[in-house]
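# Working through the structure, step by step
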Amino acid sequence: MPSISLAVVGLGMAAKPHLEALDLLRNHIEVAGLYTRTKARAEAVSQKYGWPCFDSPEQIAGDPEIDAVLLLTPPDQRHELVELFSGAGKHILTEKPLERTYDAAAELVELCDYAGVKYGVVFQHRFREGAKQLRTLLSEGALGDIHLVRANIPWWRDQAYYDQSGRGTYARDGGGVLITQAIHVLDLMLSLTGPAKSVQAMCATTTAHKMEAEDFATAGIEFHSGAVGSIMATTATFPDAKETLVLDGSKASAHLEGSKLTVTYRDGSIDVFGERSGTKDGTGGGANPMAFPCDWHRDLIDDFALSIIEHRDPKVTGHDALMVHALIEAIEGSSRTGSKVDVREAELSKAYI
């Protein structure tokens, strides 16, 4: 099978499932090397997995044998790196969010479009078994017309999480629970429902945390499809619970909890897909943000590699990500003004699972 050569840039907390996934994908992804500003961390990862270290991002950009870069840096360190690597013709797979604001994210998408390189985004929730099955059911019309959508993200982070430099700040992260945690569920929701039209929202910082940005957000949403819905997202729920996404349709209702999908039809029959009761399936909603398997990252990275080999778009593109950035921007804007806000329309790709 053809293979690609990929470099990893950034080895912070988010790197763990990526590294584990790449270790499983050695048959068609060659890790050319690693780069992070903390030399000791790079050397430790190099020793564990047997991958070499680079001295600088410029060394990666200048290597003609490298096809792509997996970019795992915080969002405030993205622009210069995306400009460097796209300009060198490297395809880019980046951690979420693309950037700290919609406008900054759109600039990165435009950079990659102009350079003619693929720009994939790590929204791994789309690759969960229950989510993939739900997408199939929707495409088959099994749920009928969707009239109500409910997203609930009752997660927990202790104060030590926000005591880390830059956590929950606008300068580094671009915000709080919406852009850092809830973005995964919101992206999945929009990829299933289509774009949001308008929102009425409230964001707040609870007394559970000392932080700059919000650790709680709630909003009513109108979708372009005609459906309506609500979201609630927080990192102040202790103990945490699994995130849920519920789609109520004219033929059936779908309840996605973590990776488990339960579909209840109007005739009373019930189908269950994905995780079964009694199994352990962490989602990263508790004090340990990385408490989940690497399977979803493996499948996402695999798809990105195959998109290069097969000369097609990856299943999650930068254009797709602009839709969730636009929704988050509108929620924050509605909270600031106390009024209903229209969601700006983002150009969407046709890459779906």
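Throughout what follows, the structure given in this document is the object of discussion. If you're wondering where the values come from, they're calculated on a predicted model, not measured in any experiment. (Residues numbered from 1 in each chain as written. Predicted model: local features only at pLDDT ≥ 70, side-chain atom pairs only at ≥ 80, totals over all residues. Heavy atoms only, no water.)

### A look at the overall build of the chain
Helix and strand counts for the chain stand at ten helices and 14 strands. Relative to the compact-globule value of 20 Å for 353 residues, the chain shows a C-alpha radius of gyration of 20 Å, a close match. Taken along its principal axes, the extent of the C-alpha atoms in the chain is 55 × 45 × 40 Å. Put simply, of all contacts in the chain between residues at least 6 apart along the chain, 70% involve residues at least 24 apart. Split by element, the accessible area of the chain, about 14800 Å² in all, is 49% carbon and sulfur. Across the chain, 34 positive and 49 negative side-chain charges occur, with their mean positions spaced 4 Å apart. (Helix = DSSP H or I, 4+ residues; strand = E, 2+ residues; numbered from the N terminus. Rg over C-alpha atoms; globule rule 2.2 N^0.38 Å. Contact = heavy atoms within 4.5 Å. Areas by Shrake-Rupley, 256 points an atom, 1.4 Å probe, with all protein chains shown as cover. Lys, Arg positive; Asp, Glu negative; His and termini not counted. Charge placed at Lys NZ, Arg CZ, Asp CG, Glu CD.)

### Considerations on the layout of surface pockets
Approximately 290 Å³ is the volume attributed to the second largest pocket. Tyr170, Gly174, Glu329, Glu332 and Arg336 are, among the 16 residues lining the second largest pocket, the residues nearest its centre. Elements with a contribution of two residues or more to the lining of the second largest pocket: helix H5 (102–115) and helix H10 (318–337). Take the lining of the second largest pocket: its biggest share by element is six residues, from H10. Here the lining of the second largest pocket is built from residues that sort into five nonpolar, four polar and seven charged. (1 Å grid on protein atoms, 1.4 Å probe; cavity = no way out; pocket = protein on both sides within 12 Å on 5 of 7 lines; lining within 4 Å. Points joined across faces, edges and corners; volume = space filled by probe spheres on them. Nonpolar A, V, L, I, M, F, W, Y, C, P; charged D, E, K, R; others polar.)

### Details of empty space enclosed by the protein
Summed over the entire model, instances satisfying the criterion amount to two cavities of 30 Å³ or more. Of the volumes computed, that of the largest cavity is approximately 40 Å³. Surrounding the largest cavity, His125, Arg128, Val185, Leu188, Glu243, Thr244, Leu245, Leu256 and Gly258 form its lining. Sorting the residues of the lining of the largest cavity by element identifies helix H8 (177–193) and strand S10 (244–249) as the ones contributing at least two each. When grouped by side-chain class, the residues that make up the lining of the largest cavity number four nonpolar, three polar and two charged. Empty space within the second largest cavity amounts to approximately 40 Å³. Around the second largest cavity sit Leu93, Val121, Phe127, Leu300, Asp303, Phe304, Pro314, Lys315 and Val316, which together line it. It is helix H9 (residues 295–309) that provides the largest number of residues to the lining of the second largest cavity, a total of three residues. Residue composition of the lining of the second largest cavity, grouped by class: seven nonpolar, no polar and two charged.

### Regarding the sheet that holds strand S14 (residues 341–342)
Pairing between the strands of a sheet comes from backbone hydrogen bonds, and it takes one of two forms, parallel or antiparallel. Spatial ordering of the open sheet is given by S13-S12-S11-S10-S6-S9-S8-S7-S14, a layout of nine strands whose pairing is mixed. On the outer flanks of this sheet lie strand S13 (270–273) and S14, each paired with one strand and no other. When strand S8 (residues 216–223) meets strand S9 (residues 228–234), the two strands line up antiparallel, connected through seven bridges. Of the residues in S9, the one forming a bridge with glycine 220 is serine 230. The strands touched by H8 within the sheet are strand S6 (146–154), strand S7 (196–204), S8, S9, S10 and strand S11 (252–257), with S8 carrying the most contacts at an inclination of about 20°. (Pairing = 2+ DSSP bridges. Axes fitted to C-alpha atoms, helices over the stretch in contact; angles between N-to-C directions.)

### Structural notes on the pairing of S6
On any regular strand, side chains alternate: one points to one face of the sheet, the next to the other face. Pairing analysis gives six bridges linking S6 to S10, with the strands arranged antiparallel. Bridging from a neighbouring strand, isoleucine 146 pairs with glycine 249 of S10. With seven bridges joining them, S6 and S9 adopt parallel strand pairing. Bridging across to S9, valine 149 finds its partner in glycine 229.

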